[in-house]
Every structure is written in structure tokens, then in C-alpha cells.
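Reading the structure
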Amino acid sequence: MQEWGDEGVLTNLNSVAESEKWNDLLPSVVADAMKYKGNYVAAPVNVHRVNWMWLNPAVFKKAGAEIPKTWDELFAAADKIKAAGLTAIAHGGQPWQDATTFESIVLGTAGADFYRKAFVDLDPASLDSEAMVKAFDMLRKTKGYTDKDAPGREWNMATAMLINDKAAIQFMGDWAKGEFTAAKKEAGKDFLCMPAPGTAGMFTFNIDSFAMFELKDEKNKAAQVDLAKTIMEPGFQEVFNLNKGSIPARLNMDMAKFDTCAKDSSAEFVKSAADKTLVPSMAHGMAMFSAVQGAVYDTVTKFYNDDAMSSKDAAKALASAVKAAQTK
């Protein structure tokens, strides 16, 4: 959105934002993400939590494995699941999915402050650090519990592996919950949602929104205002997010119709904002410009697919790639 703003093509939505009191209806982090140089240019439809871990309890039970809360517990459970002939971690081998898993690993092993320094501030010393090396080590270890068909798999096909009792764990944002919901699965019974190991109390966010372009036709301008108003109405926020798996961007929504995962996400979103552990998603375009994100994708995916590349070399390559992307 900031890149479109730099092109000078986005319209100013301050009038509708003021009349509809968006500053009172949106958390400050959401409001800020909808602005370009202090002016509203977009309307938010939701907030996604990216650092979720989805689990199939039936698969755990079949393998005699315990539900994990730490990385050590996860790998111990994964060994049992793998020994039972099932897939421990369902993954789709695409760059953005590799980055999604890596994002949660960095947050879970190094914390929110480090994550912010590395992926928001793009601090070279953090990108090429022992903490980042450790995160790459962890990423490689998770790969050992995926199946041979993972390369190129779409994310929803990986979710289907959990739905169909073929796999135990998936690291994915809460849009995955929309797949469980569509399959008539019940949260807390047929599937579990937990923060990725080490990330309890932290929240990586991705906000879907409609950015509005500058138009000349008055009727089209009026239609933009109508659309922006509709997006922010409680009815739209409820129906959209019940189906998408995300949570409303608007504050003080009635969450009665939402499941336990959404209620937990909503509470964690508010709490993490207060605790300063709410951070923008690196993997989903909220933390950095697209050129830098592409450099991160390339490095993470190269490491993921090249077992000969060391974690130390990957961290060094990550810092170099980010620096090069910033100077283009």
C-alpha cells in the first residue's frame, strides 16, 4: 500500500473515515496500516494472525503423541507421528509458505523485539546473527518431518491433509480455519489452534484491505465511499470473518458467533498491542516493501531446498540480500 502511495495514485478517504469515526473503531495499529503519510487510503476487512499452529488431535492420539507447546515437545511428538506412518508437518513447498513457517520460528525462538529489529528495522546485525542461525537450524529440522510431495503443494491442500487425518500439524495463518469451517470441522474438537511454539502472547498480523485509487467520475467516487462504509459495518465484518477464519478489524464487535480460535485471536491481538508484542507479518507484505520481501523469500527458500547450505551461510546471505534489495 505504501508503494502504491509513493506512485501518487491512491485517493484520500479521510472524509468517510472522520464521518464514520474510524479512529475510534479501529485499533491504532490497524488504522496506521490503512494510511499513507497520515491520510486514510484504504478500508480494512479483517486481521489475520499468522503465527498459528493447527493440529489434528486424532492423529496425535493414533500415534500416542502429546500435544506440544514447545519446540522440543513438538519434535518429540513428530518422531512418534512419523514412526506411525503419518505426516507430522503438512507443508506446501512454495516461497511464501516457507517464509510463513520461518516467520513463526524466528518469533518463537528469538522473541518480538528481535523479530522487529530483523524484519521491520532490517538491522544487518540481527539478520546475520546467532539467533538467526538458530532459526534457520529450526527451519531445516521441521523440513525433516514433511512428506515427499510437499514441494509445490498449495497451502489449502496441506490443510486438507489435517482435515482428512493424514497429517498432524500445519504452520499457517488463520485463513486455514476457513478450510476447517467449510469442511464442517469443529474447533477444539476436530482441530486445535495454538500459537506456534514460543509465540504465546505474541501476534504476527496481516491485514486484508481495499485500497482506493484516485478517480475522476463523481458517481465512482461516491461508490468508493459507499464501499468503504459497507466494509466497516458490523454486519460485513462479522459475515466476512466468520467465513475467512480471521477476526474483525473493527473494535468492540460481538464475537458470540465466532469460535474459540477467533475469540482467542481477538483477545491476543488486543493484549499483544498493549504489551508491544504485536508485529507485522514479514511473509505477508506487512513488514517491508516487496523488493525486500522478495529477497527474504529467495534466501529462505534457497536454504529450505538446498540441504548443503549451512544455517550460518543462510544468515549471512539474508543480510546481504536485504541490503542489496534496499539499495535498488
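Attention in this report is confined to the structure presented alongside it. (Residues numbered from 1 in each chain as written. Predicted model: local features only at pLDDT ≥ 70, side-chain atom pairs only at ≥ 80, totals over all residues. Heavy atoms only, no water.)

1. Some thoughts on the packing of aromatic side chains
Which entries qualify depends on this criterion: Here is the rule: rings of Phe, Tyr and Trp (six-membered ring for Trp) pair when centre to centre is within 6.5 Å. Planes less than 30 degrees apart are stacked, more than 60 are edge-to-face, and the remainder are tilted. By the criteria applied, helices consist of DSSP H or I runs no shorter than four residues and strands consist of E runs no shorter than two, each listed in order from the N terminus. Throughout this description, buried means an accessible area under 20% of the type-specific maximum (1.4 Å probe, protein chains only), exposed means over 50%, and partly exposed covers the range between. Should the NZ of a Lys or the CZ of an Arg lie within 6 Å of a ring centre and within 35 degrees of the ring normal, that charge is described as sitting over the ring.
Considering all chains together, one arrives at 14 aromatic pairs under this definition. Where Trp4 meets Phe213, the ring centres are 5.2 Å apart and the plane angle is 85°; that geometry is what we call edge-to-face. On the criterion of sequence distance, the pair formed by Trp4 in helix H1 (residues 2–6) and Phe213 in the loop between strand S10 (209–211) and helix H12 (218–232) is long-range, its members being 209 residues apart. Among the residues examined, Trp4 registers a relative accessible area of 47% and is labelled partly exposed. Judged by its relative accessible area of 36%, Phe213 is partly exposed. Put simply, the rings of Trp52, Trp54, Phe180 and Phe191 touch in pairs and so form one group of aromatic residues. One residue, Arg49, lies across the ring of Trp52, its end atom 4.7 Å from the ring centre. Taking the ring centre of Tyr145 as reference, the NZ or CZ of Lys82 above it sits at 5.5 Å.

2. Examining the nonpolar core
Here is the rule: The criterion is simple. A nonpolar core is a set of buried Ala, Val, Leu, Ile, Met, Phe, Trp, Tyr and Cys residues joined through side-chain atoms within 4.5 Å. Any pair of residues with heavy atoms lying within 4.5 Å of one another is described as a contacting pair.
Counting residues in hydrophobic clusters, the biggest one holds 60 residues, and the most contacted among them are Ile81, Phe102, Phe119, Met132, Phe136, Ile169 and Met282. Once residues within four sequence positions are removed from consideration, Phe136 is found in contact with Phe102, Val300, Phe303, Ser311, Ala314, Ala315 and Leu318. Of all hydrophobic cores here, the second largest spans 33 residues; its members include Leu26, Val41, Met255 and Phe269.

3. Thoughts on the sheet that holds strand S4 (residues 48–49)
Working definition: the strands of a sheet are paired by backbone hydrogen bonds and lie parallel or antiparallel to each other. Counted only if it meets this: Pairing between two strands requires that DSSP report at least two bridges joining them.
Pairing within the open sheet is mixed, and its 3 strands lie in the order S4-S9-S11. The outermost strands of the open sheet, each flanked by one partner alone, are S4 and strand S11 (278–280).

4. Considerations on the packing of H12 against helix H13 (residues 234–244)
Put simply, the rule is: Orientation is described by axes fitted as lines to C-alpha atoms, over the contacting stretch for helices, and by angles from 0 to 180 degrees between their N-to-C directions. Angular relationships are summarised with four words: roughly parallel below 35 degrees, roughly antiparallel beyond 145, roughly perpendicular across 65 to 115, and oblique for the angles in between.
Two numbers describe how H12 lies on H13: the axes approach to 5 Å, and their chain directions differ by 65°. In terms of orientation, H12 lies roughly perpendicular with respect to H13. Where H12 approaches H13, its residues Thr230, Ile231 and Met232 are matched on the opposing element by Pro234, Phe236 and Gln237.

5. Details of the state of the cysteines
What counts here: Any cysteine sulfur atom paired with another within 2.5 Å is treated as part of a disulfide.
Enumeration over the complete set of coordinates arrives at 1 disulfide. What pairs with Cys193 in a disulfide is Cys261, and their sulfur atoms sit 2.1 Å apart. Measuring the twist about the S-S bond at about -105°, one finds the Cys193-Cys261 disulfide to be left-handed. Pair noted here: Cys193 is in strand S8 (residues 192–195) and Cys261 is in helix H14 (residues 260–275), with a separation of 68 residues, a long-range link. Just as Cys193 is buried, Cys261 falls in that class too.

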